[in-house]
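# Geometric and topological summary
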Amino acid sequence: MTAVQLKGVRKDFGNFTAISNIDLDIKSGELVALLGPSGCGKTTTLRMIAGLEVPSAGQICFDGEDVSEVAVQKRNVGMVFQRYALFPHMTVEKNVMFGLKVRGIDKADIDKRLTEILDVVQLQDFRHRFPAQLSGGQMQRVAIARTLITNPSVLMMDEPLANLDTKLRGEMRRFIRELQQRLGITTIFVTHDQIEAMELADRVAVIFDGNLAQYDAPDALYKRPNSIEIADFMGATNVFEASISGKTATAVFGALTLQDTVPDGQAQLMLRGEAIDLHLDEITDEPNILQGKITAREFFGANITYSVECGGETIQVIEQSRRMVEIDQPVWLTIPPERIWIIQDNP
Amino acid sequence: MPETKELARHRRERIWMWIQLMPVMTVLVVLFGGALVLGVAQSLGFAPWFGVNTFPDFSYFAALWGDVFFWKSLGLTLYYAIVATLLSLVFGILLALALVRTFPSKTLYKYLYKLPLMIPYTVGIALAVIMLGNGGMLSRLMAFTGFIDDPSQFPQILKTHMGWGIIAVYVWKQTPFVALTIYAVLLGVGRETEEAAAILGANKRQIFFQVTLPQILPGIISSTLIIFAFNIGAFEAPFILGGGFPDTLPVVAWRYFNDADYTLQLQGMATVVSIALVAGVILYSYLAFYRRYERRIGRN
Ligand SMILES: Nc1ncnc2c1ncn2[C@@H]1O[C@H](COP(=O)(O)OP(=O)(O)O)[C@@H](O)[C@H]1O
Ligand SMILES: [Mg+2]
C-alpha cells in the first residue's frame, strides 16, 4: 500500500487562494477524513492528490516519491466523485469494466474480476442497468466498484455519504469501513459532517479556510480540540471564559480543579456534556462540585440534554435517558478533572 | 361514478391542449402541408393555371430521371452537402472542445466565433468572391509576396466542380453553428466523467471516443440533420460560386422556374420533389442508423 504526503501544498485559482499551506502525512493503509465546512478546500485537496489539479506550490509524495510530474492516468489512484460521475451511456458492467478495458487487460481476466467485484458491492442483479435506472446508494456502489477493480494504491472519496438517506448512510459507512479494513487500502475521504468523520476515520484532518487546523485521532479531536473554532465545529456546547492559576480554573460558576498544570492566564474552558455527572442529592466528597438548577430538558430518545443553571451560566449535561429529571429540580454536578479541557490562545 | 368525473376532466384537458395547438397546427397544415400537396400534384402534371392538367402523369419525373445530367447534378449536390457537413462537424466539435477548456482571452473568442452566424449567407458568398477568386485578395497577396508571378496563376478555387468555394462558405457559416450546439451539450455533460475516465487510466483518445463522444452524440445528430438539410437545398452559394453546367439540383430547379417556357415549371417542381425525396431518404436512414446504435448499447 501507499503512504501519501503533502508538503507545503498551496493552490491558487487566479488570485484566489483555495489552499494556503497544507502539510499532511497519511500512513500506508490509514483511513483519513478531510473535515471542514463547505468551501474550505477539501475537494481541491483531493483533486491535487489525484492529479486533476496541479499544486501552485509544494509537493505531493507517494511513498516518499514526488508525483507532481506523474500524469493522472499513471498515478494509479481511485476516486469516487461526489456525484459519482458514472458514464451515463454505459451499463453497470461496462462502467465497472472501463478501467480494465482501457488498460488492455484480456477479456477472461476482466470477466473474472468483474464477477468478483460485483459480488463485493452486491450488484450482480443490476449489471445490465443504466446509471439512470439506479438509486443513489446503488450508483455509489457502482462508482466504488469501478474504482476498486483497478486496484488503486490510494482510494479517495468525495462526500461519500452526503447524498444518501439516513438508513443507507449507516449501511454505506459500515460497508466502506469493512472494505477498507479488508483491503488495507490507503483511503482519504472528504466530509463536512464531524460525526461521520469521527465514526469512520483513523485520523481526521480538520481544514479551515485552506489551512490544516488540526490533524488527530477522532477522540483527541473531540476531547482536546486545539482552538475554539475546532471545538465549535466538533459540536462543543459548554465553552466558558476562565482564568487559570496553577491547577485551578476559575469561571463565572466557580473554581474547578484541573488534572495537569497549564500556563497561567486567561483561557477557554471546555466541558463535554456527557462527561458531567448529574446528582439529585448533595455531594460533598468529590472534586469539582457545582450546584445548580435544571432550566430546560430536551429528549432525544436514547439521550436527554439538560440545561443546568450554575451561578449565572448555563451548562449542558447529557445523560442516557434512564430517568427523567424534572425542570426546576435543584441538582449537583460533578466533573472529573481529567475531562476538563483548557484551550489557550494559539501557542 | 368518480371515474366518470375523472374522464370528463381528462377530456377537457385534452380539448384544451388541442385548442392551444390550433394556431401552430393551422399554419403548418395549411401553409406547409398545402404547399407540399400542391407541389407534388404539380410535379405529377396538375397545373390547370398553366393550362396543363394531365394528372397523374409521371412523364416529368421520367424525363428528369432519364437524363444523365440529373444524376450528375445529384452527385454534385450530395458531394458539396456531405463534404461541407463533415468538415463543419469536425471543426465545430474541435472548436466546442476548445471552448470548454479555460485559456487566456476566452471571453473574446466566445464572441468572435459566433460572428459568421450573424452575417448573412450572401455576404459570406461575397467575401468568398473577394478573397478566393482569381484577382481576389489571396491571389493578389500571393503575387505580391512572390509565390506566383501573376494573380491569374492563382489556383482556380471558385467556379469549378470541385466546389471549394461553395464548401468554404458552408463550412465558414456552419462550423460556429455546430460549435454552439455541441458547446451547450458539453456544458451540460460537464468535465467529471472525463476526469473519472482519466483517473481510471484512459488516455486522451480513449476519453474522447468512449466517454465524451457518446455523450455529445445527440447534439451531433441534431446539428448534422439541420446543416445537411440546409446544404442539400441551398441555392445561392452553388449558383454564384459553382462551376456552371451541370449545376446542383436547386440551381437546376431555379433555371426551370425562370425559363421563358412556363410549362417547364412542372419539370422544376419534379426536381424540387426529387431533392426532398433524396434528402428525406438520407436523413431517415441516418436517424434509423443512430437508433440502431442506441439500441445496440442497450438504450431504448
Ligand atoms: N476551478 C476553480 N476555479 C476557481 N475557484 C475554485 C475552483 N475550484 C474550487 N474553487 C474555490 O476554491 C474553494 C474551495 O473549493 P472546494 O475545494 O471545492 O471546497 P470544499 O471544501 O467544499 O470541497 C471554494 O471557494 C471554491 O469556490
Ligand atoms: Mg467539495
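Residues numbered from 1 in each chain as written. Chains lettered and ligands numbered in written order. Predicted model: local features only at pLDDT ≥ 70, side-chain atom pairs only at ≥ 80, totals over all residues. Heavy atoms only, no water.

### Considerations on the domain arrangement of chain B
Residue and element names in this part refer to chain B. Partitioning chain B into domains gives domain 1 (1–43) and domain 2 (58–296). Its C-alpha centre places domain 1 at a distance of 35 Å from the equivalent point of domain 2. On the domain 2 side, the residues contacting the four residues of domain 1 number seven residues. Summed over the three residues of domain 1 that lose the most area to domain 2, namely Gly-39, Gln-42 and Ser-43, the buried surface amounts to 91% of that side. (Domains from an automatic or database assignment. Contact = heavy atoms within 4.5 Å. Buried area = accessible area lost by both parts, 1.4 Å probe.)

### Examining the pairing of strand E8 (residues 186–191) of chain A
Residues and elements named next belong to chain A. With six of six residues buried, E8 is to be regarded as a mostly interior element. Going residue by residue along E8, you find Thr-186, Ile-188 and Val-190 tucked away on one face and Thr-187, Phe-189 and Thr-191 tucked away on the opposite face as well. Note that the unit made of strand E7 (residues 154–158), helix H5 (residues 166–183) and E8 has a crossover that is right-handed. (Buried < 20%, exposed > 50% of the residue type's maximum accessible area, 1.4 Å probe, protein only. Helix = DSSP H or I, 4+ residues; strand = E, 2+ residues; numbered from the N terminus. Right-handed = clockwise from strand over helix to strand, strands pointing away.)

### Here's the deal with helix H3 (residues 68–100) of chain B
Between its first and last C-alpha, H3(B) extends 48 Å over 33 residues, near the 48 Å set by a 1.5 Å rise per residue. The opening residue of H3(B) is B:Asp67, an N-cap whose side-chain oxygen sits 2.9 Å from the backbone nitrogen of B:Phe69. (Expected span 1.5 Å × (residues − 1). Polar contact = N/O pair within 3.5 Å; in protein donor to acceptor, adjacent residues only side chain to side chain.)

### Quick look at the domain arrangement of chain A
Residue and element names in this part refer to chain A. Per the domain assignment, the segments making up chain A are domain 1 (4–230) and domain 2 (267–337). Using C-alpha coordinates to define each centre, domain 1 is positioned 41 Å away from domain 2. Each side of the interface is counted separately: domain 1 has four residues, and domain 2 has four residues. Sorting the residues of domain 1 by area buried against domain 2 places Tyr-222, Pro-225 and Ile-228 first, and these three jointly supply 90% of that buried surface. Where domain 1 packs against domain 2, one counts zero salt bridges. For the interface between domain 1 and domain 2, the tally reads two residue pairs in polar contact (both at pLDDT 80 or more). Split into classes, the residues belonging to the side of domain 1 that touches domain 2 amount to three nonpolar, no polar and one charged. (Salt bridge = Lys/Arg side-chain N within 4 Å of Asp/Glu carboxyl O. Nonpolar A, V, L, I, M, F, W, Y, C, P; charged D, E, K, R; others polar.)

### A look at the packing of helix H10 (residues 204–233) of chain B against helix H13 (residues 264–296) of chain B
Residue and element names in this part refer to chain B. At their nearest, the axes of H10 and H13 sit 10 Å apart, and the two run at 175° to each other. Between H10 and H13, the interaxial angle falls into the category roughly antiparallel. Residues Pro-214, Leu-217, Pro-218, Ile-220, Ile-221, Thr-224, Leu-225, Phe-228, Ala-229 and Ile-232 of H10 form the contact with H13, whose own contacting residues are Ile-275, Val-278, Ala-279, Ile-282, Leu-283, Tyr-286, Leu-287, Tyr-290 and Tyr-293. Looking at side-chain class alone, the contact of H10 with H13 contains 18 nonpolar, one polar and no charged residues. (Axes fitted to C-alpha atoms, helices over the stretch in contact; angles between N-to-C directions. Parallel < 35°, antiparallel > 145°, perpendicular 65-115°, else oblique.)

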